[in-house]
Every structure is written in structure tokens, then in C-alpha cells.
Amino acid sequence: MSNSFYTNAHQSQLRRLIPDLIRSRELLRDLVWKDIRVRYRYAVMGFLWAVLEPLFMMIVLTFVFSVVFQLRFQGINGDASSGETAVIILTGLIAWQFFATALASATSSLTDNRALITKVNFPREVIPLSTVGIALVNFAIGSCLLLIVYTLLLGKLPGATIIWLPAIFAIQFVLVTGLGMLFSCMNAAFRDVGYMVNASLLFGFYATPIFYQTTLVQTELSNRGWDILYTLYFLNPMAGIVTAYREILFYNQVPSWQLLAWPILSAILALTVGTIYFRKHAPTLSDIL
Amino acid sequence: MDPVIEIDQVTKTYRARTGTRVLLGKGGLAEKISGKKHDTFHALENVSFTVDPGESLGIIGANGSGKSTLLKLIAGVTVPSQGTINVRGRVASLLELGAGFHPMLTGRENVYLNAGILGMRHKQVDAVFDEIVEFSGIGRFIDQPVDTYSSGMYVRIAFSVAAYTNPDIFLIDEVLSVGDEEFQRRCRRRIGELMDQGKTVVFVSHDLGIVNTLCERVILLSQGKMLLRETTSKAIDFYLRQIGEEKGLCTMVHGPMEAIVCNGRISIFYNEEEVTSASGLQFQVFYMGHWQNSQDADWSITDKTETSCTAEGILAKVGITLVWKITLENGKFHWDLALRNEQSVSINKYEINMFFPTRFNQWMYDDTNGMFQDILPDDTNYLAATSPELLFETASLLANDEGLCAAIGLETENQRPMCRASWHNTDFMTGCRALRIEESPMDGVIAFEPGTHTLINMALDPTLSREEVQNKLGIDSSRYTIESGPLRSRFDRGKIRLTHDGVQLTSMLHFYTSMLVNNVWYDSINFRWDQIEPIDRGFRVAGTSRRIPITQIWELTSTDNGLHIDIFLDIDEKIDIQEYHSSILLSPDYTQWKTDHESGSFPTIDTSSNDWSHVSTKYEPGQSAIATGPSLPTLTFSGKFQDEMLPHTILNTNFQQASRVLQALRLPTHSMFTLDTGRHLYMNVDIMTSYEND
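Everything numeric here is computed off the predicted structure, so don't read it as measured data.

Cut-offs applied
Each chain carries its own residue numbering, running from 1 in the direction its sequence is written. The lettering of chains begins at A and the numbering of ligands begins at 1, in the order of writing. For a predicted model such as this one, the threshold for reporting local features is a pLDDT of at least 70, and the threshold for listing and counting side-chain atom pairs is 80 or more; totals across whole chains, interfaces and linings nevertheless cover every residue. Working definition: helices are DSSP H or I runs of at least four residues, strands are E runs of at least two. Numbering for both runs from the N terminus. In this scheme every C-beta is placed from the backbone, and a residue whose C-beta has 20 or more other C-beta atoms within 10 Å is buried, one with 12 or fewer is exposed, and one in between is partly exposed. Here, residue contact means that the backbone-derived C-beta atoms of the two residues sit within 7 Å. Each residue carries a pLDDT score, the predictor's confidence in it, ranging from 0 to 100. Put simply, a nonpolar core is buried Ala, Val, Leu, Ile, Met, Phe, Trp, Tyr and Cys residues tied into one set by C-beta atoms within 7 Å. Strand pairing is assigned whenever DSSP identifies at least 2 bridges connecting the two strands. To define axes, lines are fitted to C-alpha atoms, for helices over the stretch in contact only, and angles between the resulting N-to-C directions are given on a 0 to 180 degree scale. In this scheme, the bend at a residue equals the angle between the axes fitted to the seven residues that finish there and the seven that begin there. Just so you know how the angles are binned, under 35 degrees is roughly parallel, over 145 roughly antiparallel, 65 to 115 roughly perpendicular, and the rest oblique. Any residue outside Ala, Val, Leu, Ile, Met, Phe, Trp, Tyr, Cys, Pro, Asp, Glu, Lys and Arg is labelled polar, Gly included; the first ten of those are nonpolar and the last four are charged. Between the first and last residue of a helix there are one fewer steps than residues, each counted as 1.5 Å, and that sum is the expected span. Note that the arc is computed from the directions linking the helix axis to the C-beta atoms. By convention, the crossing between two helices is left-handed when the near helix turns anticlockwise from the far helix through less than a right angle, and right-handed when the turn is clockwise.

Participant: Any chance you could explain the overall build of chain B here in plain terms?
Facilitator: Counting its regular elements, chain B contains nine helices and 53 strands. Counting every position in chain B, which comprises 694 residues, the buried fraction comes to 43%. Taking contacts inside chain B between residues at least 6 apart in sequence as the whole, the part at least 24 apart equals 66%.

Participant: Looking at this structure, I do not really get the overall build of chain A. What am I missing?
Facilitator: Scanning chain A from terminus to terminus reveals 13 helices and zero strands. In chain A, the succession of helices and strands from N to C terminus is α-α-α-α-α-α-α-α-α-α-α-α-α. Expressed as a percentage of the 289 residues in chain A, the buried residues total 40%. A separation of at least 24 residues holds for 80% of the contacts in chain A among residues at least 6 apart in sequence.

Participant: I'm lost on the confidence of the model for chain A in this one. Help?
Facilitator: Any segment with low pLDDT has predicted coordinates that should not be analysed in fine detail. Of the residues in chain A, 96% reach a pLDDT of 70 or more, and the chain-wide mean stands at 86. In the predicted structure, residues 1-6 of chain A sits below a pLDDT of 50 and forms 11 contacts with residues beyond four places in sequence or in another chain.

Participant: Can you walk me through unusual backbone geometry in this structure?
Facilitator: With the exception of glycine, most residues fall at negative phi, and the peptide bonds are largely trans. Residue and element names in this part refer to chain B. In the Ramachandran plot, Asn518 falls in the positive-phi region, its phi being about 50° despite a non-glycine side chain. Note on placement: Asn518 falls in the loop between β36 (506-517) and β37 (520-523). Of the residues examined, Asn518 has 12 C-beta atoms within 10 Å and is grouped as exposed. Even without glycine at this site, Gln642 takes up a positive phi of about 50°.

Participant: It is not clear to me how the nonpolar core should be interpreted in this structure. Could you clarify?
Facilitator: Side chains that are nonpolar tend, in soluble globular proteins, to be buried together. Within the largest apolar cluster, 251 residues are counted, with the highest numbers of intra-cluster contacts made by Ile74, Val202, Ala259 and Val261 of chain B. Looking at this core, the element that brings in the most residues is helix α4 (residues 82-112) of chain A, giving 15 residues. Excluding residues that lie within four positions of it along the chain, Ala259 of chain B makes contacts with Met252, Ile266, Ile268, Ile326, Leu328 and Phe333 of chain B.

Participant: What exactly am I supposed to notice about the sheet that holds strand β9 (residues 225-231) of chain B here?
Facilitator: Within a sheet, each strand pairs with its neighbour through backbone hydrogen bonds, oriented either parallel or antiparallel. Residue and element names in this part refer to chain B. Taken together, the six strands give an open sheet; going across it, the order is β5-β6-β7-β3-β8-β9, and neighbouring strands pair in mixed fashion. Two strands in the sheet have a free side with no partner beyond their single neighbour: β5 (91-93) and β9. On average, each strand axis in the sheet is inclined to that of its neighbour by 20°, with strand direction left out of account. Looking at chain direction, strand β3 (residues 56-61) and strand β8 (residues 217-222) are connected through five bridges and run parallel. Across the sheet, Leu57 pairs through a bridge with Arg217, a residue of β8. Lying on the sheet, helix α2 (residues 67-75) is in contact with β3, β5, β6 (169-173), β7 (200-204) and β8; it crosses β6 at an angle near 155°.

Participant: Just checking my understanding: could you explain helix α4 (residues 122-136) of chain B for this structure?
Facilitator: Residues and elements named next belong to chain B. The largest bend along α4 measures about 55° and falls at Val128. Residues of α4 that are buried include every one of Val125, Val128, Ile132, Val133, Phe135 and Ser136, and no others. Trailing α4 by a residue or two, Gly137 shows a phi angle of about 70°, which is positive.

Participant: I'm lost on the packing of α4 of chain A against helix α6 (residues 126-154) of chain A in this one. Help?
Facilitator: Geometrically, a packed helix pair is captured by the angle between its two axes and the distance between the axes. Residues and elements named next belong to chain A. Orientation of α4 relative to α6, taken along the N-to-C sense of each, is 175°, at an axis distance of 8 Å. By the angle between their axes, α4 is roughly antiparallel relative to α6. Residue composition of the contact of α4 with α6, by class: 19 nonpolar, 10 polar and one charged.

Participant: I tried to follow the environment of Asn293 of chain B on my own but got confused; where do I start?
Facilitator: Residues and elements named next belong to chain B. Here Asn293 is to be found in strand β15 (residues 290-293). Separated by 59 residues in the primary sequence, Asn293 and Ile352 place their C-alpha atoms 9.9 Å from one another. Discounting residues that sit within four places of it in the chain, Asn293 has contacts with Gly264, Gln282 and Gln284.

Participant: Looking at this structure, how should I read the pairing of strand β43 (residues 579-586) of chain B?
Facilitator: Side chains on a regular strand alternate between the two faces of the sheet. All names here are of chain B. In terms of burial, β43 is a largely internal element, seven of the eight residues being buried. Bridge count between β36 and β43: seven bridges; the pairing is antiparallel. Note on β43: the bridge partner recorded for Leu516 is Glu579. In this structure, β43 lies alongside strand β51 (residues 660-666), joined through seven bridges in antiparallel fashion. Counterpart to Leu585 in the pairing with β51 is Val661.

Participant: Can you help me understand the sheet that holds strand β23 (residues 368-371) of chain B in this one?
Facilitator: All names here are of chain B. Spatial strand order, β16-β17-β18-β19-β31-β27-β26-β22-β23: nine strands in an open sheet with antiparallel pairing. Unpaired on one side and paired on the other, β16 (298-304) and β23 mark the two borders of the sheet. Pairwise comparison of adjacent strand axes, ignoring direction, gives a mean angle of 20° for this sheet. Of the strand pairs in this sheet, strand β18 (residues 320-329) and strand β19 (residues 332-341) are connected by nine bridges, and their pairing is antiparallel. Paired with Thr321 across the two strands is Arg340, which belongs to β19.

Participant: Would you mind going over helix α2 (residues 25-40) of chain A with me for this structure?
Facilitator: One turn of an α-helix holds 3.6 residues; hence residues three or four places apart share an orientation. Helix length check: α2 of chain A, at 16 residues, gives a terminal C-alpha distance of 23 Å against a target of 22 Å (1.5 Å per residue), a fit within 8%. Buried within α2 of chain A we find Leu27, Asp30, Leu31 and Lys34 of chain A. Projection of α2 of chain A onto a plane perpendicular to its axis shows the buried side chains occupying an angular sector of 100°, all on one side. Elements that come into contact with the buried residues of α2 of chain A comprise α6 of chain A together with α3 (107-117) of chain B.

Participant: Just checking my understanding: could you explain the confidence of the model for chain B for this structure?
Facilitator: Looking at chain B as a whole, the pLDDT averages 83, with 90% of positions reaching at least 70. Here the predicted complex scores 0.62 on pTM and 0.82 on ipTM.

Participant: Even after reading the chapter, I still don't get the packing of helix α3 (residues 48-68) of chain A against α4 of chain A, so can you show me in this structure?
Facilitator: Residue and element names in this part refer to chain A. It is the contact of α3 with α4, at a shortest axis distance of 10 Å, that shows an interaxial angle of 120°. When the interaxial angle is binned, α3 and α4 end up oblique. The crossing of α3 and α4 is right-handed. Contact residues: α3 offers Met58, Leu61, Thr62, Phe65 and Ser66, while α4 offers Ser82, Thr85, Ala86, Ile89, Leu90 and Leu93. Classifying every residue of the contact of α3 with α4 gives seven nonpolar, four polar and no charged.

Participant: Would you mind going over the environment of Ile268 of chain B with me for this structure?
Facilitator: All names here are of chain B. Checked against the element boundaries, Ile268 lands in strand β12 (residues 266-270). Judged by C-beta crowding, with 25 C-beta atoms within 10 Å, Ile268 ranks as buried. Setting aside chain neighbours within four positions, we find Ile268 in contact with Ala259, Val275, Thr276, Phe333, Leu460 and Pro462.

Participant: What should I look at first to understand the pairing of β7 of chain B in this one?
Facilitator: Residue and element names in this part refer to chain B. Most of β7 is tucked away: five of the five residues are buried. Covered by surrounding structure in β7 are Thr200, Val202 and Val204 together with Val201 and Phe203, the residues of both alternating faces. Pairing geometry for β3 and β7, over four bridges, is parallel. Across the sheet, the residue bridging to Ser56 is Val201, located in β7. Note that β6 and β7 share five bridges and pair parallel. Following the sheet pairing, Ile169 is matched in β7 by Thr200.

What follows is the structure in C-alpha cells.
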């Protein structure tokens, strides 16, 4: 039959993933929009909060780390000025925020939408993907803010290396999507996964160069003769990604292959494992939720 | 044509789950690693069937028999553990009513979102959006957030989306009881439309009546196994006999009669033919804004013999236990209904509903009778064939053909004076004749002190032939009937029903008397009337009160132009009567009234009137009270005491009784009449009808 829609047998077929997602693109968009609308519907300032909220957070965190803790960063020429410090911290913060919120909300997305999944048949991927999409909207707003702050504080526009930014973002997006699909599905079977992800994210916040630079880690570790740990440190793919963002935006450098090799590999790995695992378990999700 | 649903040897196994998943212990990770098998249960076992395009299939079975699992499999929400399912076409199911609705989004946004989840594109929704809004009746609220909607509106918009997503296969799961009655009707019509369009409908319900009319074929599930795939009537028959929770199920046989009590519903068979219809005999209580049906109760059979049983059903929400005693005896089915409560309970109303097949097309009770209209597809409401009357003692149904069971006789013995009965046609979906016996007081309070309360004792006789019913009716009624020209008066337990050329003039209480003793009114209908003896041109009946030492004797005789009634009182011991009246309740089609002193038109009886209201204002003694109405005979009602004229008053009843009242009163000159033992003449009443004044 020509209008044969979507039967349960399809959910487990990998080759149908792309057609399913294309078919569900409107739904995906609606779900993202739904969340954003719902969030600001009854606020007088409405959508403005989507901008103000990250702005305030940026101001506070930048103030705390650069003024209160007096963290030292390596600027373009010697020690970073306070403006440079703010931009460096913000870059790390926005990249991390996207990763952390997307992963946390994706992990709990299937259990949160239990009512829907146990009743309606639709491509399950839409659910974790929509949460990544929501985080993406916030990321876009944050990036625009960063650009404004950058221009204001440094008195110049980012250099031509900025064309590399989408590539780094793509790596991060693939990574977070893959992990999100994997953890959301695992969390449906074992709710422990959600707690483990949250705990790891808390740890990851400190294990990622957000309010410090990797050079600091390198110096401190080699002072103690623990150089091997520095390699281990980069097992956190976000360490490489955040460093790459900073190199592009702030230092006008094209990130090296050594820096990006592991993040790229881990992203591809996460997406492959995540997709296969998700597709395998999608048809019976309603049984375990 | 290829089937749209193919289910081939499908088994669905669930892992038994004891609350949480643990690492160690049963079903935990440790056992998984060590390769131990965990407990499983089969929700469905080796089920195979196909559904053709345009077919309507019902799935019935007890709770936990796998109905919902089967529907989920067809909907594609889950997949079978073994076997294959092929579903061709888009499935929309009412499983998912409002799934994905977000309270903070507007109706419009939710429609698009919900339709999107059901697999529709924006463009497709655009095309039917107006229809969805129209059908839901939401109107301008469509742009309001859904959390401002009433629960009814919420369900309506949700159903509308599901109903207009243009599915090829429509799954319906017990949700037709949503929304108000008006909306339910629209839902059923919409389902009918979908079926007419050749859509496939799969329907799961406990309501065998609806399954019976909606579905062509039925699948019967029991403990995950498919017992039967059959035509609807055969499957329902089988279901009634075989399935059901064991402890609430009881079958009794007595000769050709068979009765099945199945968890709050009774079905009766005679010569292997079902006398009742699929919905059977049921009882329901209206309590705290909801109907609680006997089928919702938790039933157990407490006492059982070959031909009788006692079934007790606990309606926990109301705090009452239904006690049904069912006996098959002398070719009759006896049903004694009682309820038991440990604490005082107030319910709003209750109903006994008895459903019969449509081949019974003539109803009778007492000496009135009529034909049922045909039930048409447009009938989405119950249609009353008769207005509620005080409960009759006998009633019958006659079939239009000479089937095995040509007539059903019903006898009732009422323990509750306010019980009323009426014949109905049900809606098209249910497709039955229904006898409804109800008690629903205006103030909506029926209080039961702790204890056991008999509601009604009923006997049903399927062995009668048409002639027997007709003859029995003739003999019984003729003894109590007086004809004087076109006026026919029939005495019936303390009331007299009047017809003129076959037109019924009186209603509800008809002609009756009432006396006030110790500030309590005693109506003639509550006396025990059991003696009748013929006298010249009429008969004499006597009725004894259960509570006061008075026997009323009515002598009914025919006169040249009407009915004459002499009322005597036999007093056993000296008694004071404060007031006494005879009244006649007339059909509300009477519009004008007249007494010796004034005249006027009857005001319409408004819905809020809980009490009888006086229409006339003067109470001087007069000759008579007269009522007239378009195309009705003029009725003259005249009460006298020997030759003394009495005051006549005109009243309207309350809305529920909806009648005009002509009344003759005996008011004492002092505070009361004191009557010594012996026989006293109390009132002489003349009732005359004519068309002369027109």
C-alpha cells in the first residue's frame, strides 16, 4: 500500500533511520519549538529570557572566576587582560553548557516522555534528538552573545580562522547526539544511568578546561613528573573540543590534528554505538518504560 | 484484497518485574550474567488472525486477557516476542487520546503537535484543521492554552485530532465513555462514518452491547490465548457462558431455562436462545457525580445450587454491597435485588436496566400497551417509549415473530414506593429495548441506614405464548375496569387510570386519595388493595393501610356520562384525620381550568419546581373543577360529601411528575375530624368527560 506509514518492524531497521528522520523533521521541529514556547509563555519578557538567562549566568561566572578567584590565563600577549579572561572563560562555558544540558536532558528524555512512548508509535529517535535541539537553540543564543561580548571587550572581530568553528561544532554535535541516544536508551532500562551521567557531568565540569587552560594542567602535571596523566586528561573529548574552540576564536589558530583526532574518533564511535544500540532497543522501549 | 492486519503466531512475553530492577537477586544483573532464567509471563500466546480492509473487529476478554497488549502490537507501540505482525496502512488509535498534549500550549498548537506525533504533516493538518475544530466544538477557545480547558473540552479536542488524522485503521480502546453525552454521540457517529468509508476498525470494550452493534466479527481472548474468532453473536454467547472471573460467575439451569450471572450482569436463555440482549440485566447507582455500574463491582457467588444462587458485589466506591438472589423456579426467573451497607449511605439515584432484543416490538404494562418504534442509525440517544410511571405489577414484551420465545412476562414486587418504570429504545449502537426501573428523587438523596435493604423483587417468565399474554391482560384488567361510554376507568392499586376513546387522560398517580393523620400524608397508592367484589354497575375494592388502622373502600360505578366513586372509611379504632382529599392527575396537555369561582390557564411547569404549586386561589366550596385542553375531552371532576359541596383546587405538580391536578378537599371546621370505629362515608366523586364544550 502506497501510504503504508510506519510499522513496528521498521523501528529496528538501521537503513530506515534516515527516511524516518526525514519524515519526522516537522515533528522534531515542533517538539523543539514546543519546549521553548512553553518555557517562556507566561513570562512577561517572554523569549527575552532565553537571552537574559545565559547572559546573567555568563556575567556572574566570569565575575567569580576572573575577579574573585583571580584566575590567570595566558593572553595573546602575555597575561590575559580581564576582558580577555572573560572571553576565554565564556568560550569554554558556552561549549560546556551545550554538552552538559544536551546530554543530561537527552538521557532522561525517554523516561520523561514515557506516556507518549507507551501509547504512540513514531520514530523514537525524535525524542532524544529534540532535547539536543533545544540545547542547540540555547547554544546558538549563547554563541551570539559571545560574539557581541568578544567584539565589545576586545574591540575587534574574530579572525578568519572562525570558518573552522562549524567543524569543531559538528564534532561536538555528533558526540553529544551519539552519547545522548546511547544513554537515553540505557536509562530506560536502568535508571541508574541517569544518575551516573549527572555525576559524570559534575566531574566533567572540572575535568574540562573551562576556568583554566590546558597549559596550566600540563605545567602542573609535568612539575610533579606525571606527564602520562596529561595524555589521560585528553581522554575527555570535551577537553580537546573546548581547547580547539579557544584556539580558533581567541588565538586565531587552526587546531592541530593531534588535538582533534580523539574527539573525532570518540564522536564517530559514540554515534555508531548510540544509533545501533538505540535502533536495537527502540521497538521494545514501551515494554521497559 | 490483501488483509490490512496480519497476525501470525504472535507471542508476547514480558519479563516479570517486581518493582525495581536490582543488581543482585531475582531478575538482576547478577543472574543475567550467570545465565539464570528470569520469570516471564505470556501476555499473548500464539495468536494468529487477519483483518480485511473495511472489517470491524471486536476484541473481548476479561481483564488481563491480553486485549491491550494485542492493541499495542497492532498500534506498533511494541513488537512481538515471537511471530510476525504486518499492518498495512496508517493506524490511529484512541489509546493515545491526548498523548503529547502540553497544557501550556494553545489548542491550535497542540492539534499540530499531536497530529505530528500521530504521523501527520503540517500540510495534512491544515487541510482538516477546520473540521477538527468544528467537530470538537471548542470554537474560539482553540487559541487559548489547553490548561484553561475543562476536562471535557480537553478530551473532545484530543478525540477530534485522532478521529481526523484520516487513518486506515482505527483502534478504539474503551474510550467511548469520554466527554458528555452529546459528544459521545458525535464520536459514535464519527466512528460510523469511518466504517462507512471502508476504514478498518478494531474495537476493544467491556461493553458487549456496543461490540455487538459495532463489530462484524469478534476475537475472544482468555489468558493470552485466542479462544475464538467468530461472528459477534456467537462469540458473545460463548463469552457469557465460558469466560469471566470465576468467582463472580454462576450458571443455573432449570429445564429449558438458563441464567448466567457474570460479574454484575445477568443473561437469560430460553431453549438456548438468549432472551435478554448482550447488555443483559444490570444495576447502577449514581453517587458523587458518577454512575457506578454493577459490572464495576467486585463480585462473588456466596451461595449456589443447581437452580439458584446468591451473588454479592461490593461497590467499594459507594460503600455498599449489592445482594442479588437469583432463582429459577416454575419456569420463571426470579431476581431479588437488595443492597447492604454497614454505614449510612446516601446515593443520588439508582437504576435497574433490563435489555431485550429488538425483535420484541410491543410493550405492555398493566393494561396499557404500545408498539416500539424502529431504532434508526440516527438514534444516538435513548428514546423513551413511555413516560416514567409508578412501578407496575405486571409487564410484558411481545415479539414480532413466533420465535422460540414469543413473549416475556415481568412481575415486580416493589419495596420502594418512589420507584418508577419506563420502556425505552436504546441508541442505535446498543440496539435494544430497555426497561428502566429507577428511583431518582428530586432532592437527589436516597438515604440508607446501615442494614440490608430490599429494592425490588422481580420475576421474568419467558414461557408465555402471545395468546397467554394477551388473554391474561384481558382477564385481569376487565375485572378492574369500568366502561361508561368512551370513558374507560381502570382501578390499579389505589389509583384509577382514565382513558377516553383510547386517549390516556391521567398520568403518574392518576386518581388517588390522600389523608393527613398525625401530620403524615397517607396516599391510597400505599394501601394494600386486595379485595374486589362486583356490585351493580361496577365493583367494590378495599385497601388497608399498613400503618394506620384505616381501610378505604371504594365503590366504582358507571353513570350515564362518567364514573362515580363512593369512598368509605372503615375505622378499626378511633382516629383523628386532619385533612382528606381526592385528586386526579391529568396529562400536561390540559391547558385551561375552571372552578365555580374562577378560571384560567395552567402555567407551564418549570424545571426548577420541586413542589406542587397552587394555581387557583379561592377555597370556597363549589360544584366542580373542570379542565380542558386542545383535542382532549373536557374533564369535570366533582367531589361531594353527601349533598354538601366541597372546596376544589387546581395545582401543578413538580417538574418530575409533570401533571395538572384537580383536587377536592374535605377540610375540618375545627382542627380535625374525629372518627369512631365503624364505617363512614367520606366522599363521593364524579368524573365526567365530554367534547360538548368545545
